[in-house]
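# Remarks on the overall topology
Residue strings, one per chain:
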Amino acid sequence: ISIILLCLIAGTILFAFYPRSADPHGGGIASTEVAEDRGGAIARGQAPSLAFSALANPLFNAGISGSTWWFRLRLEPSRGSRQGADRYIAVGNPNIDEIDAFFPDGSVVSRGLANGPKRPLTRDWTIPVPAGVNANDEIYIRVRTSNVVRVPFRAFDADGIIAVAFGDALVFGTFLGIMVA
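Residues numbered from 1 in each chain as written. Predicted model: local features only at pLDDT ≥ 70, side-chain atom pairs only at ≥ 80, totals over all residues. Heavy atoms only, no water.

Turning next to the sheet that holds strand β5 (residues 87–91). Spatially, the four strands line up as an open sheet ordered β3-β10-β5-β8, and their pairing is antiparallel. Across the chains shown, the open sheet's two edge strands, defined by having one partner strand only, are β3 (59–64) and β8 (125–129). In this sheet, neighbouring strand axes are inclined to one another by 25° on average, regardless of whether the strands run parallel or antiparallel. Of the pairings in the sheet, the one linking β5 to strand β10 (residues 148–157) comprises five bridges and is antiparallel in character. (Pairing = 2+ DSSP bridges. Helix = DSSP H or I, 4+ residues; strand = E, 2+ residues; numbered from the N terminus. Axes fitted to C-alpha atoms, helices over the stretch in contact; angles between N-to-C directions.)

For strand β6 (residues 98–102), a buried count of four out of five residues is recorded, marking the element as mostly surrounded by other parts of the structure. Relative to strand β9 (residues 139–144), β6 runs antiparallel, the two sharing five bridges. What sits directly across from A101, in β9, is I141. Taken together, the four bridges between β6 and strand β7 (residues 108–111) define a ladder with antiparallel strand orientation. Residue pairing for β7: D100 is matched across the bridge by S110. Linkage of β6 to β7, two consecutive antiparallel strands, is achieved through a turn of five residues, within which G106 is found at a positive phi near 95°. (Buried < 20%, exposed > 50% of the residue type's maximum accessible area, 1.4 Å probe, protein only.)

Our next topic: the nonpolar core. Counting 26 residues, the largest nonpolar core has F71, I89, I141 and F153 as its most contacted members. Elements with a minimum of two residues in this core: β1 (29–37), β4 (68–75), β5, β6, β8, β9 and β10. Contacts of I89, omitting those with residues within four sequence positions, involve L73, L75, W125, T126, I127, V129, I139, I141, F153, R154 and A155. Of all hydrophobic cores here, the second largest spans seven residues; its members include A35, A47, W70 and Y140. (Core = buried A, V, L, I, M, F, W, Y, C linked by side-chain atoms within 4.5 Å. Contact = heavy atoms within 4.5 Å.)

What follows is about the packing of aromatic side chains. For the structure shown, the criterion picks out five aromatic pairs. Clustering of aromatic rings is evident, with ring pairs tying together F60, W69, F71 and F153. (Phe/Tyr/Trp six-rings, centres within 6.5 Å; stacked < 30°, edge-to-face > 60°.)

This part is about the environment of L75. Turning to its location among the elements, L75 is positioned in strand β4. For the pair L75 and R154, spaced 79 residues apart in the sequence, the C-alpha separation amounts to 9.3 Å. Excluding residues that lie within four positions of it along the chain, L75 makes contacts with G28, I29, A30, R87, I89, V129, A135, I139 and A155.

Looking now at the sheet that holds β9. The six strands are arranged β2-β1-β4-β9-β6-β7 in an open sheet whose pairing can be described as antiparallel. With partners counted over all chains shown, the strands left at the sheet margins are β2 (53–54) and β7, one partner each. Of the pairings in the sheet, the one linking β4 to β9 comprises five bridges and is antiparallel in character. Opposite W69, over in β9, you have V143 as the bridge partner.

Applying the stated criterion across every chain, the model contains six salt bridges. For R74, the salt bridge goes to E138, with nearest N and O atoms at 2.4 Å. Here the residue R74 occupies a position in strand β4, and E138 occupies one in the loop between β8 and β9, the gap between them amounting to 64 residues. For E138, a relative accessible area of 27% gives the class partly exposed. Residues R142 and D100 are paired through a salt bridge, measuring 3.0 Å at the closest nitrogen-oxygen approach. Of this pair, R142 sits in strand β9 while D100 sits in strand β6, and the two are 42 residues apart along the sequence. (Salt bridge = Lys/Arg side-chain N within 4 Å of Asp/Glu carboxyl O.)

Interpretation in functional terms is not warranted from these geometric data alone.
Written out as structure tokens, the structure is:
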């Protein structure tokens, strides 16, 4: 029994830190900026007036925080034959309570534990990007959570999302298969 428990713990740790490859299917995140909203009262229309700070990479980690966090993203342009393809922003933390994405065309997409399905299908919350969003457009994302504020952003096209989901399912399935055997 101790060997099985040890394998279970080791597999869980390996799965949690299983590395992901870069986006194989088009543009990623060109720039990411962050601003803290300590009271959580800032509305979408007021977000551009916040004091945003540039992030060196699209991973933000504030630890445990009672603040609401605003992110301003710009996507890289689509490349090659994938221009105009469906694109998604992936937020790689399945424990976030609320994620609201505000796009230049006025559309809003909400995800998170408080806004819909209890868990994403993969380790990411995926946010569809409207077709008219260009590389110069600013996308505002508001994150509220009672958990650790660790927010990694990535961008994918539809094929990239499928590839990531397949890779996650393959690793998890292999792990479960070993545990059952």
